[in-house]
Amino acid sequence: MSELLDDLRRGCPAAAAREARDSEVLGDVMPEVVAFPRSTSDVAAVVRVAAHGRRTVAVRGSGTKLDFASQPTSAQVLVDLSLMCRLLEHESGDLVARAEAGARLAEVNGVLGLARQQLPIDEVVPGSSIGGVVATGLSGPSRYLQGAVRDLLIGVTVVRADGVVAHAGSKVAKNVAGYDLAKLFTGSYGTLGIVTEATFRLRPCPPCRCFLTASFPDEAAMAPVLAELLHSQQALTAIEVDRRTPLGPISISALLEGQAGPLERRAEVTAKVLGGASACDGPPEGWGSLPGPVTLKMTAELSFVPALLGLVRELSTEHGLSPVLRGSAGTGVLFAGLGEPLDPTAIGAFLADLRAGCHLFGGSAIVLRAPVAIKGALDVWGPVPALDLMRRVKQQFDPERRLAPGRFAGGI
Amino acid sequence: MTPQEPIAPLLARLRSRVGSDQLVTDPIELATYECDGLAQYRVVPPLAVLARSREDVRAVVAECAAAGVPFVARGAGTGLSGGSVPAAAGVLVVLATMRDVLELDAANQRAVLQPGVTNLDVTRAAAPHGYYYAPDPSSQQVCSIGGNVAENSGGAHCFKHGFTTNHVTGLEVVTPDGEVVEIGGKAADPPGYDLLGALVGSEGTLGIVTKATVRLVRAPEVVQTILAAFGDIETAGAAVSQIIAAGLVPAAIEMMDALAITAAELAVGCNYPEGAGAVLIVELDGPIAEVAEGLAEVERHCSESGAFEIRRALDDSERARIWVGRKSAFAAVGRLSPDYIVQDGVVPRTALGEVLGDITTLSAETGIRVANVFHAGDGNLHPLVLFDAKVDGQLERAEEVSARILDLCLAHGGSITGEHGVGIDKLDAMSKMFSDDDVETMLDLRRAFDPEGLCNPGKLLPAPRLCGESPGRRKGAHPLVESGLAELF
Ligand SMILES: Cc1cc2nc3c(=O)[nH]c(=O)nc-3n(C[C@H](O)[C@H](O)[C@H](O)COP(=O)(O)OP(=O)(O)OC[C@H]3O[C@@H](n4cnc5c(N)ncnc54)[C@H](O)[C@@H]3O)c2cc1C
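Values in this document were obtained by computation on a predicted structure and should not be read as measured data.

K.L.:
It is not clear to me how the site of the ligand should be interpreted in this structure. Could you clarify?
P.N.:
Residue and element names in this part refer to chain B. Taken together, 36 residues lie near the ligand, and Ala73, Gly75, Thr78, Ser139 and Ser144 sit nearest. Between Gly79 and the ligand, the recorded distance is 2.7 Å, taken from a backbone N or O atom to an oxygen atom. Coverage of the ligand by the protein amounts to 100% of the 980 Å² it exposes when considered alone. Elements with a contribution of two residues or more to the shell around the ligand: β3 (71-74), α5 (145-151) and β10 (208-215). Here the shell around the ligand takes five residues from α5, the largest share from any one element. Among the residues making up the shell around the ligand, the classes are represented as 14 nonpolar, 17 polar and five charged. Split by domain, the shell around the ligand shows at least three residues from each of two domains, domain 1 (8-94) and domain 2 (105-218).

K.L.:
Before we go on, may I ask you to explain the sheet that holds strand β2 (residues 47-50) of chain B in this structure?
P.N.:
Hydrogen bonds between backbone atoms are what pair the strands of a sheet, whose relative direction is either parallel or antiparallel. Residue and element names in this part refer to chain B. In spatial order, the strands read β1-β2-β4-β3; together these four strands make up an open sheet with mixed pairing. Both edges of this open sheet fall to β1 (23-24) and β3, since each of them pairs with a single strand only. When β2 meets strand β4 (residues 91-94), the two strands line up parallel, connected through four bridges. Counterpart to Val49 in the pairing with β4 is Val93. Against the sheet, helix α1 (residues 7-15) contacts β1, β2 and β4, and its axis sits at roughly 20° relative to β2. Of the strands in this sheet, β2, β3 and β4 are in contact with helix α3 (residues 54-67), which crosses β4 at around 165°.

K.L.:
Which parts of the structure should I look at to understand the domain arrangement of chain A?
P.N.:
The accessible area lost on association of the parts is a frequent measure of interface size. Residues and elements named next belong to chain A. Assigned domains of chain A: these are domain 1 (3-82 + 399-404), domain 2 (87-204), domain 3 (206-288) and domain 4 (289-383). Distance from the C-alpha centre of domain 1 to the C-alpha centre of domain 2: 22 Å. The interface is formed by 20 residues belonging to domain 1 together with 29 residues belonging to domain 2. Roughly 1800 Å² is buried in total at the junction of domain 1 and domain 2, and carbon and sulfur atoms are behind 69% of that figure. For the domain 1 face of the interface with domain 2, the top three residues by lost area are Thr40, Lys65 and Leu403, together amounting to 33%. Counting every contact that joins domain 1 to domain 2 gives zero salt bridges. Our enumeration of links across domain 1 and domain 2 arrives at seven residue pairs in polar contact (both at pLDDT 80 or more). Contributing elements (two or more residues each) for the side of domain 1 that touches domain 2: α2 (40-52) and β3 (57-60). Residue contributions to the side of domain 1 that touches domain 2 peak at six residues, all from α2.

K.L.:
Where do I start with the packing of aromatic side chains in this structure?
P.N.:
For any pair of aromatic rings, the description rests on two quantities: the centre-to-centre distance and the angle between the ring planes. Residues and elements named next belong to chain A. Under the definition given, this model contains seven aromatic pairs over all chains. A ring pair is formed by Tyr189 and Trp381, whose centres lie 6.3 Å apart and whose planes are at 85°; its orientation type is edge-to-face. Here Tyr189 is found in the loop between α7 (181-185) and β10 (194-201), whereas its partner Trp381 is found in the loop between α12 (372-375) and α13 (387-397), with 192 residues between them in sequence. By relative accessible area, which is 8% here, Trp381 ends up buried. Ring geometry for Phe304 versus Phe361: centroids 5.2 Å apart, planes at 25°, classification stacked.

K.L.:
Sorry, what's going on with the pairing of strand β19 (residues 380-387) of chain B here?
P.N.:
Looking along a regular strand, one sees the side chains alternate between the two faces of the sheet. Residues and elements named next belong to chain B. Of all eight residues in β19, eight are buried; the element is thus mostly enclosed. Both faces of β19 are covered, namely the face carrying Asn380, His382, Leu384 and Leu386 and the face carrying Leu381, Pro383, Val385 and Phe387. Where strand β16 (residues 339-342) and β19 come together, four bridges link them in antiparallel fashion. Each residue of the ladder has a partner; that of Ile341, found in β19, is Val385. Bridge analysis of strand β17 (residues 345-346) against β19 gives two bridges, and the strand direction is antiparallel.

K.L.:
Would you mind showing me how to read the sheet that holds strand β8 (residues 168-174) of chain B here?
P.N.:
Residues and elements named next belong to chain B. The five strands lie next to each other as β5-β6-β10-β8-β9, forming an open sheet whose pairing is antiparallel. A single partner strand is all that each edge strand has here, and the edge strands are β5 (101-105) and β9 (180-184). Each strand of the sheet is rotated relative to its neighbour by a mean of 10°, with strand direction disregarded. The pairing of β5 with strand β6 (residues 110-113) spans four bridges and is antiparallel. Its bridge partner being in β6, Val101 is matched across the sheet by Leu113.

Conventions and cut-offs
Residues numbered from 1 in each chain as written. Chains lettered and ligands numbered in written order. Predicted model: local features only at pLDDT ≥ 70, side-chain atom pairs only at ≥ 80, totals over all residues. Heavy atoms only, no water. Near = heavy atom within 4 Å. Polar contact = N/O pair within 3.5 Å; in protein donor to acceptor, adjacent residues only side chain to side chain. Areas by Shrake-Rupley, 256 points an atom, 1.4 Å probe, with all protein chains shown as cover. Helix = DSSP H or I, 4+ residues; strand = E, 2+ residues; numbered from the N terminus. Nonpolar A, V, L, I, M, F, W, Y, C, P; charged D, E, K, R; others polar. Domains from an automatic or database assignment. Pairing = 2+ DSSP bridges. Contact = heavy atoms within 4.5 Å. Axes fitted to C-alpha atoms, helices over the stretch in contact; angles between N-to-C directions. Buried area = accessible area lost by both parts, 1.4 Å probe. Salt bridge = Lys/Arg side-chain N within 4 Å of Asp/Glu carboxyl O. Phe/Tyr/Trp six-rings, centres within 6.5 Å; stacked < 30°, edge-to-face > 60°. Buried < 20%, exposed > 50% of the residue type's maximum accessible area, 1.4 Å probe, protein only.

Structural data, given as structure tokens:
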């Protein structure tokens, strides 16, 4: 038995631990051991053992997004949170719920649904855990109305790099006491601390939903429609675009939710904007899912979304690629998915041009997800403004760089 | 009076970097900056700089950093926790002089603002395009966007529309070492750590905001407001619970108790239904069809819970008449009592009834009257603790009551502040809400931005030497309220 495993078993007898299996490789880094804590204090104990032995630590929720962003350069202890899967608190009258990080988003929503409430975060990647959603900050279509993950998260419990447990926020949505560290941890990919519990504000489940979809031949045709939808007063939950081939038609889908009667009227008004649309109470195919296996995330100012679609079309031809484009036109966050054959050189060149374009549109482009072999050849983050400040934050939270080193922008 | 070391040499250097009319050294003029809206903490700064540009701010901060002199940002000075109280041997950087709306970009649903722009001016600029700026603190005619960002300000409508933090997409910040950093912009999700999330609500301790980009929200098709009168606070509370349980999301749900209503009647003659032990104001906004149906449902829940009168505003002037009582309530308690403390605490909504009951008991035990005005949707209480400072021992008892109300909030898992911030006033309470480890972790963030501890020191996070401060106390109406510039929530 390895020394590390021995230390873990002694330092944290409550958490099961074993040697890592070949299948548990993170990119090209092989963890030595996997620990399965059952509580925040277990996680703290595991991290303390790691800290004592100066070992690096990475976290796994349900393991659906380990290939997102950069890969860690070292991860000796893999902390698996799948046993921390309880919904700890749900006070329906307060529209608040607290869950352990390993709880699955879909399961949490299943329970909340019994009280006709929801955590309005789309399950973009099936099987996602709450902690994984927070660590990656991955939001889906309904962020247009409901806000992104960071907007819904009101409190966190974290285990710091030194194994100390800390809290920020609370279980009331309206709270301005102290720094809002919950937001800082959202999207930090486990590089600042391990989120073990998260508290969210909830929304009621809408009694009815209506998806309206219309198709447009090109960017010029969709641009005025998108502008009008953005200006709509019908309280849309989401405005999504989908383009399956670079030169193909663009579909715009709008989601409306609410009471049946008024919804019918709101859908009628919205369908008119779309110039006649097919209505459905279920989502269109691909709704809120990430195209891939290489997924680039692009952002732009809202009015540049059509231009961004145009840019992707031009660059596709230029670089001989055929990306699927999908995402939240209502918030200016789009995803391009590239399939086989995966040519790192072509993808790299495409990404560089795309990045330059997104920059002109006021946004950015990053590699959200890619197979390891490809990712190594790509500049995952591109230029990141305020990187120096981010490094200073990392330096304070994890001075020894033991939490998923290399997983984040700028090698953080 | 000539400033002492280390201000004198700093002042000399600043003369070559900013206009002389921007440097305030006159003691009488400086005295106008001695406090914010919570007048009990007062420090006259040795030097104030009226910033007109980012470069001015950068120059001051860089010089302060070089000289190891602390500095404090000040917006409009309406804060209610002592956040912009100057440092005794530091520089006050006044941002209220930077008040240009730099860009109103309706197509991108953004406004780009200098930090001194008032909250209401954003909505004024956006209105012709059919947009508004959603977070609406009741000080909105005066308070600055920079102050809103620092305090993560909210308003009556944040139950549905969120707080400042949900509406800021970009900030330009002069960091405590004098560098200018751009974080985010008009697009969503800037890559990297969510520094915007860390900065909003940081009470001016992480740097000085010199530009803010905020989301504009499409004006709703319709806004509808009702006033419902109840015999007592319990039945009004039951109506709120029913409304929430039914899955309705009103834009605002506000409640006042009998004492607050009495005060409002005396002050503005709001003419609320006679005999009301509590009133609820419920506002819905959105698509016409939806609001109509929602409103009918809200009215039904109110009647079923025992409302004895429900009034529906039929136009803007009727809506204003409903709101006037609510908006005047704080200042109005000046009619009931020579002195009062404005408290700001939060409880989970389901604990409202119990906590209000406890406050009544506390009031009976101590003989200190408490008027309750609150954002019922959020569980954000604003108890007004009434006392007469001329009566021996009343001040101490009132402070005790005010502090114990926060303890009640914490006992129910709530917060010590929902919108007024920690500042100096609640440093003590921070240690009750958060463990030493929690505070130490927050300090990590502060050290990352401000390793030398020069940026608004002594605020937000408790340090051992700053304890035993007394809670917020005010005499009569706030000057802004008196001058008609602001309504107190
Ligand atoms: C009558 C009245 C009613 C109020 N109602 C509400 C309400 O409904 N909701 C609510 O949330 N608050 C309310 N407040 C509190 C107050 O108005 C808010 O906190 C407001 O955001 C403060 O803005 P200000 O410009 O006055 O900031 P100041 O009081 O000048 O400063 C507040 C804090 O912000 C920092 N700061 C200011 N500008 C900057 C900058 N550019 N960069 C970095 N830091 C900066 C200061 O250092 C200080 O810590 C009310 C206050 C009054 C007097």
